[in-house]
Amino acid sequence: MTVRPETVEELPAATEMGVVEERFEVATPRQLIWWRFRRHRLAVASGIILIGFYLAAMFAPFLATSEPTKAEAQRSLMPPMPIHWFDDSGFNPHVFGTAGKRDPKTFKRVYVEDPNKKYEIHFFARGFAYKLFWLIPSNIHLIGIEGARTDEALFLLGTDVQGRDVYSRLLFATQVSMSIGLVGVMISLTLGVVLGGISGFFGGFVDTVIQRVIEILRSIPTIPLWMGLAASLPREWSVLQIYFAITVLVSIFGWTELARVVRGRFLALREEDFVTAARLSGASRPRTIFRHMVPSFSSHIIAASTLAIPEMIIAETALSFLGLGLRPPAVSYGVMLQSAQNIQTVATTPWLMVAAVPVIVAVLAFNFLGDGLRDAADPYSQ
Amino acid sequence: MGYFLRRLLIAIGTLAVVSVVAFAIIQLPPGDFVDAYVGVLESMGDMVTEDRELAMRQQYGLLEPMYVQYFAWARDFFSGDFGLSMEYKRPVREVIGDRLWLTVAVAAASVAFVWLMALPVGIYSAVRQYSFGDYAFTFIGFLGLAVPNFLLALVVMYFSFRYFGTNVGGLFSPEYVDAPWSFAKVRDLLAHIWIPAIILGTGGTAALIRIMRANLLDELRKPYVVAAKARGLSEWGLILKYPVRVALNPFASTIGYIFPYIVSGSIIVSVVLSLPTVGPLLLRALLAQDMYLAGTIIMMIGTMTVIGTLISDVILVLVDPRIRFTGHR
């Protein structure tokens, strides 16, 4: 094993090679994985971006400027508001009040800035009441404006047809869309580890049957099946029930890749000396599996799970986009994109497509992070 | 042949799973076919007595156990009788019409695009590893893998409208939409089909380029390539004649996975680009709970995928002698 430059830099006292090598030799697998992962700049950056996504989801009501369902026909389809950073007195971010009028020729609503109504933007302003983490009541928001209610005058990314603030909805959509990926992957992971484990550990006939089932599931066109099953969910179900039903649907087809990885690792480890040793010294089967085998490939499972999350996010977005997934008042990226389905909205109100941006960024970031983790997962290989 | 037999069994298994799901989807909404049919009759001013309802249930076999009904439905499906569309009040077969073949055309065009793009680009990327072109294709490939194709369709639609003022939706120019099939109409179709084909094929192309590049890189490092080079064979003649042919094998086998992916994606892309394929029809049928239509379309898409995958398996067996002789790779 060669000594990596980073490890040398981190030990100022370690000018002699011997010390460095010793440090490398006594490092735990976890440390080795971390050192190796850190070398993938793109994967680290992706990880930071994703932490940002989940922080935004956790603090969504604090970051939002308006409640996600607060509608007002008078503010329908407002374009994104420009922030004016300077005024006569120097740096002083503010927005102007707007007045909506109907264009007599096209009957479209047009909005003009009213220079007499000037609202200064402040940090930690008071706004609508909410409960942080569903527990702590508060009404303090990261930004707000002076001189009017924030949720009636500040629309950073414009409004949708019903006059709801797109920026705030985007934050609440992050909660739903990003958590569906996590919950879905947990269901897939359970199925994948159990079935892949059985397949790889026992082999023989059971293995053949499970492998054939996986091959069949992989050759099914998933989107039409999802559409059919999602459309037959009862209309009267609550938002929460639909959320879980969609998550389960999405993960039914997502476990095959995880099962394949787990089976592969089991097959590779089954013949290893340390497994034989464990068995010979009388360890029970569950103990052999969970104490000795699983820790040595848990990093592979984490990598494979990370790569499975973006597929779940895309699946939910696709279903909701078609109107078969989550239903209003739930708000997810797909639900928001539903309004951008046809050429008219795309052409006249392009800001309604903004929800496509976080989908693409999150999916890319998960893919890069997963690739980096997969390369780092086996720290003893070259 | 053992390999082909195994693939055939998987194809049959896939069809069985899809048919059970399709049948379940037809059955899921409350009420059965007769309830819906009576609704249609009564909306046309016809009164239906309970005796007649019962007689109809008997006639259609709706009083039989579920599995008998399933087999009857499957038998009807494969003999071309798909039932009645509630929304259009016409046989499902008529409602679908040309749309099935247009779906096949879009998927086939997309697969053709994937092959035509991935092969030369993959070879180029491997032979000129770490060149500017290699990096550029890798970057585009990653984007293609990550952007879901319906979002790509939206973005393409926006930019073509914004900067060229054209609507990229549809498969025909307006004057050909309802025209009977003719040579000019086929030419018009070819002029439109490449946009959805590219949008659908991007993800698959990106994946195949990566596979082709990795396979060929492994092959290029082998001693026989060096030996052949040392004997003075021209670089491209050598590469195309030996390593590329070996690297092609796994390339052919992945087509089997790419085809279901493309067909599946075509449903939702068709909705965005409003193509006259089965995609928008399936969505409308599901939203209106027109279940015979929806179940039939799902079953047709499944059958289409299975046939496409089988064709790629046959190609693979023909291309790779290792499969022909030993039954596995």
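Residues numbered from 1 in each chain as written. Chains lettered and ligands numbered in written order. Predicted model: local features only at pLDDT ≥ 70, side-chain atom pairs only at ≥ 80, totals over all residues.

Draft legend 1. Molecular detail of the overall build of chain A. Along the backbone of chain A there are 16 helices and 4 strands. For chain A, the spread of C-alpha atoms along the three principal axes comes to 85 × 60 × 40 Å. Of all 382 residues assigned to chain A, the portion counted as buried reaches 35%. Across chain A, every contact between residues at least 6 apart in sequence was considered, and the portion connecting residues at least 24 apart equals 67%. (Helix = DSSP H or I, 4+ residues; strand = E, 2+ residues; numbered from the N terminus. Buried ≥ 20, exposed ≤ 12 C-beta atoms within 10 Å, placed from the backbone. Contact = placed C-beta atoms within 7 Å.)

Draft legend 2. View of the overall build of chain B. Summing up its helical and strand segments, chain B has 15 helices and 2 strands in all. Taken along its principal axes, the extent of the C-alpha atoms in chain B is 90 × 55 × 35 Å. Per-residue burial for chain B yields a buried fraction of 36% across its 329 residues. The contacts in chain B between residues at least 6 apart in sequence include a share of 73% that link residues at least 24 apart.

Draft legend 3. Broad picture of the pairing of strand β4 (residues 136-145) of chain A. Sheet topology places strand β3 (residues 109-132) of chain A next to β4 of chain A; 8 bridges connect them, and they run antiparallel. Of the residues in β4 of chain A, the one forming a bridge with Leu 132 of chain A is Ile 136 of chain A. (Pairing = 2+ DSSP bridges.)

Draft legend 4. Molecular detail of the interface of chain B and chain A. Tallying the contact residues gives 40 residues for chain B and 36 residues for chain A. Going through the elements one at a time, α1 (2-27), α7 (132-146), α8 (149-164), α12 (243-273), α13 (278-287) and α14 (291-319) of chain B are the ones with two or more residues in the side of chain B that touches chain A. Among the residues forming the side of chain B that touches chain A, the class breakdown is 31 nonpolar, 9 polar and no charged. (Nonpolar A, V, L, I, M, F, W, Y, C, P; charged D, E, K, R; others polar.)

Draft legend 5. Region of the structure containing the packing of helix α8 (residues 204-218) of chain A against helix α11 (residues 255-270) of chain A. Residues and elements named next belong to chain A. Packing of α8 against α11 brings their axes to within 10 Å, and their N-to-C directions diverge by 145°. As for how α8 packs across α11, the hand of that crossing is left-handed. Within the contact between the two elements, α8 uses Ile 214, Leu 217 and Arg 218 and α11 uses Thr 256, Ala 259 and Arg 260. When the residues that make up the contact of α8 with α11 are grouped by side-chain class, the tally is 3 nonpolar, 1 polar and 2 charged. (Axes fitted to C-alpha atoms, helices over the stretch in contact; angles between N-to-C directions. Left-handed = near helix turned anticlockwise from the far one by under 90°.)

Draft legend 6. Representation of the confidence of the model for chain B in the model. All names here are of chain B. Of the residues in chain B, 91% reach a pLDDT of 70 or more, and the chain-wide mean stands at 80. When pLDDT is averaged over each element of chain B, helix α6 (residues 99-127) comes out on top at 87 and helix α15 (residues 321-326) at the bottom at 62. Scored as a complex, the prediction yields pTM 0.80 and ipTM 0.77. (pLDDT = per-residue confidence, 0-100.)

Draft legend 7. Region of interest: the sheet that holds strand β2 (residues 90-102) of chain A. Residue and element names in this part refer to chain A. Here 4 strands make up an open sheet; going across it, the order is β1-β2-β3-β4 and the pairing antiparallel. Of all strands in the sheet, those with a lone pairing partner are β1 (84-87) and β4, marking the two edges. In this sheet, neighbouring strand axes are inclined to one another by 50° on average, regardless of whether the strands run parallel or antiparallel.

Draft legend 8. A look at the nonpolar core. Core analysis: the largest hydrophobic core is formed by 156 residues, its most contacted members being Met 227 of chain A together with Leu 282 and Ile 297 of chain B. The element best represented in this core is helix α13 (residues 285-322) of chain A, accounting for 14 residues. Excluding residues that lie within four positions of it along the chain, Leu 282 of chain B makes contacts with Pro 224 and Met 227 of chain A together with Ile 267, Ala 294 and Ile 297 of chain B. (Core = buried A, V, L, I, M, F, W, Y, C linked by C-beta atoms within 7 Å.)

Draft legend 9. Looking closely at the pairing of β2 of chain A. All names here are of chain A. Inspection of the sheet shows β1 paired to β2 by 3 bridges, in the antiparallel sense. Each residue of the ladder has a partner; that of Phe 86, found in β2, is Phe 91. Adjacent in sequence and paired antiparallel, β1 and β2 are bridged by 2 residues. Bridge analysis of β2 against β3 gives 9 bridges, and the strand direction is antiparallel. In the sheet register, Gly 100 faces β3, and the bridge partner there is Tyr 111. As consecutive antiparallel partners, β2 and β3 are separated by 6 residues, and within that stretch Phe 107 has a phi angle of approximately 60°, a positive value.

Draft legend 10. Layout of the packing of helix α7 (residues 166-202) of chain A against α13 of chain A. Residue and element names in this part refer to chain A. Closest axis-to-axis distance for the α7/α13 pair is 7 Å, and the angle between their directions is 135°. One way to sum up the angle between α7 and α13 is to call them oblique. As for the relative orientation of α7 and α13, their crossing is right-handed in sense. Residues Ser 177, Ile 180, Gly 181, Leu 182, Gly 184, Val 185, Ser 188, Leu 189, Val 193 and Phe 201 of α7 touch α13, and the partners they reach there are Ile 289, Ile 301, Ser 305, Ala 308, Ile 309, Met 312, Ile 313, Glu 316 and Thr 317. (Parallel < 35°, antiparallel > 145°, perpendicular 65-115°, else oblique.)

Draft legend 11. Molecular detail of the confidence of the model for chain A. On average, residues of chain A score 79 in pLDDT, and 91% of them reach the 70 mark or higher. Confidence, expressed as mean pLDDT per element, reaches its minimum in chain A at helix α1 (residues 5-10) of chain A with 46 and its maximum at helix α4 (residues 41-58) of chain A with 88.

Draft legend 12. View of unusual backbone geometry. With a phi angle near 40°, Ser 274 of chain B is a residue other than glycine that sits in the positive phi range. Summarising the element assignment, Ser 274 of chain B is placed in the loop between α12 and α13.

Draft legend 13. Fine view of the environment of Val 261 of chain A. Residue and element names in this part refer to chain A. Note that Val 261 resides in helix α11. Overall, the presence of 23 C-beta atoms within 10 Å leaves Val 261 in the buried class. For the pair formed by Val 261 and Ile 140, sequence separation is 121 residues and the distance between their alpha carbons is 46 Å. What Val 261 contacts, discounting residues up to four positions off in sequence, is His 300, Ile 301 and Ala 304.

Draft legend 14. Region of the structure containing α8 of chain B. For α8 of chain B, built from 16 residues, the straight-helix expectation of 22 Å at 1.5 Å per residue is met to within 8% by its first-to-last C-alpha distance of 21 Å. Looking only at α8 of chain B, the buried set comprises Asn 149, Phe 150, Leu 151, Leu 152, Ala 153, Leu 154 and Met 157 of chain B. (Expected span 1.5 Å × (residues − 1).)

Draft legend 15. View of the environment of Phe 155 of chain A. All names here are of chain A. With respect to the helices and strands, the residue Phe 155 is situated in the loop between α6 (150-153) and α7. A tally of 26 C-beta atoms within 10 Å means that Phe 155 is categorised as buried. Other than its neighbours up to four places away in sequence, Phe 155 contacts Met 78, Met 81, Asp 165 and Tyr 167.

Draft legend 16. Here's a closer look at the environment of Ala 268 of chain A. Residues and elements named next belong to chain A. Checked against the element boundaries, Ala 268 lands in helix α11. Since 12 C-beta atoms lie within 10 Å of it, Ala 268 is described here as exposed. In this structure, the C-alpha to C-alpha distance between Ala 268 and Trp 351, residues 83 residues apart in sequence, is 51 Å.

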